[in-house]
Amino acid sequence: MTEQPKTLPIPPEVQNTDAHELVRVWDVNGKQHVSISSGLGGSPKQFGQLLAQIALYSSQIYEKTEKLERADCLRQILMGFKEEIAKEVTRGS
């Protein structure tokens, strides 16, 4: 079995620019740990658009690696998103 790298490569498009990292996510035994830059910038709506881009890219990966339909992947991602948000909304009440 080939071991996966612990870090992802930095995209070449951002290596010689003023880009800065916004989000990192790690998986430890099936639980995610997140670090978000305090210099996030933009608006909450733009952050939602960032999450949408992550979902779209992820669905492409699942389509290729798991041989699933992309639309089905997106539906499952959205379902998981809604379930996590509902937990927070319920907890806050």
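This structure is a prediction, so every number in the text was calculated from the model and none was measured.

(A) Broad picture of the overall build of the protein chain. Secondary structure summary: the protein chain contains two helices and two strands in total. Helices (α) and strands (β) of the protein chain occur, in sequence order from the N terminus, as β-β-α-α. Over its C-alpha atoms the protein chain spans a radius of gyration of 16 Å, topping by over 25% the 12 Å that the globule rule assigns to 93 residues. C-alpha extents for the protein chain along the principal axes are approximately 45 × 35 × 25 Å. Within the protein chain, buried positions represent 3% of all 93 residues. Sequence-distant contacts, at least 24 apart, represent 10% of the contacts inside the protein chain between residues at least 6 apart. As displayed, the protein chain has an accessible area near 8,700 Å², and 57% of this comes from carbon and sulfur atoms. Taking the average place of the 11 positive charges on the side chains of the protein chain and the average place of its 12 negative ones, the gap between the two points comes to 4 Å.

(B) Here's a closer look at helix α1 (residues 44–65). Here α1 is 22 residues long and its end C-alpha atoms lie 31 Å apart, about the 32 Å a rise of 1.5 Å per residue gives. K67 sits one or two positions beyond α1 and adopts a positive phi of about 55°.

(C) Representation of a nonpolar patch on the surface in the model. A contiguous nonpolar patch, built from L51, I54, L78, F81, I85 and V89 and spanning about 520 Å² of accessible area, is present on the exposed surface. If you list the elements that add at least two residues to the nonpolar patch, you get α1 and α2 (70–92). When residues of the nonpolar patch are assigned to their parent elements, the largest contribution, four residues, is made by α2. Take I85: it is sitting in helix α2. Judged by its relative accessible area of 42%, I85 is partly exposed.

Cut-off values and rules
- Residues numbered from 1 in each chain as written.
- Predicted model: local features only at pLDDT ≥ 70, side-chain atom pairs only at ≥ 80, totals over all residues.
- Heavy atoms only, no water.
- Helix = DSSP H or I, 4+ residues; strand = E, 2+ residues; numbered from the N terminus.
- Rg over C-alpha atoms; globule rule 2.2 N^0.38 Å.
- Buried < 20%, exposed > 50% of the residue type's maximum accessible area, 1.4 Å probe, protein only.
- Contact = heavy atoms within 4.5 Å.
- Areas by Shrake-Rupley, 256 points an atom, 1.4 Å probe, with all protein chains shown as cover.
- Lys, Arg positive; Asp, Glu negative; His and termini not counted.
- Charge placed at Lys NZ, Arg CZ, Asp CG, Glu CD.
- Expected span 1.5 Å × (residues − 1).
- Patch = residues over 30% accessible without salt bridge, like charges linked within 9 Å, V, L, I, M, F, W, Y side chains within 5 Å.
- Salt bridge = Lys/Arg side-chain N within 4 Å of Asp/Glu carboxyl O.

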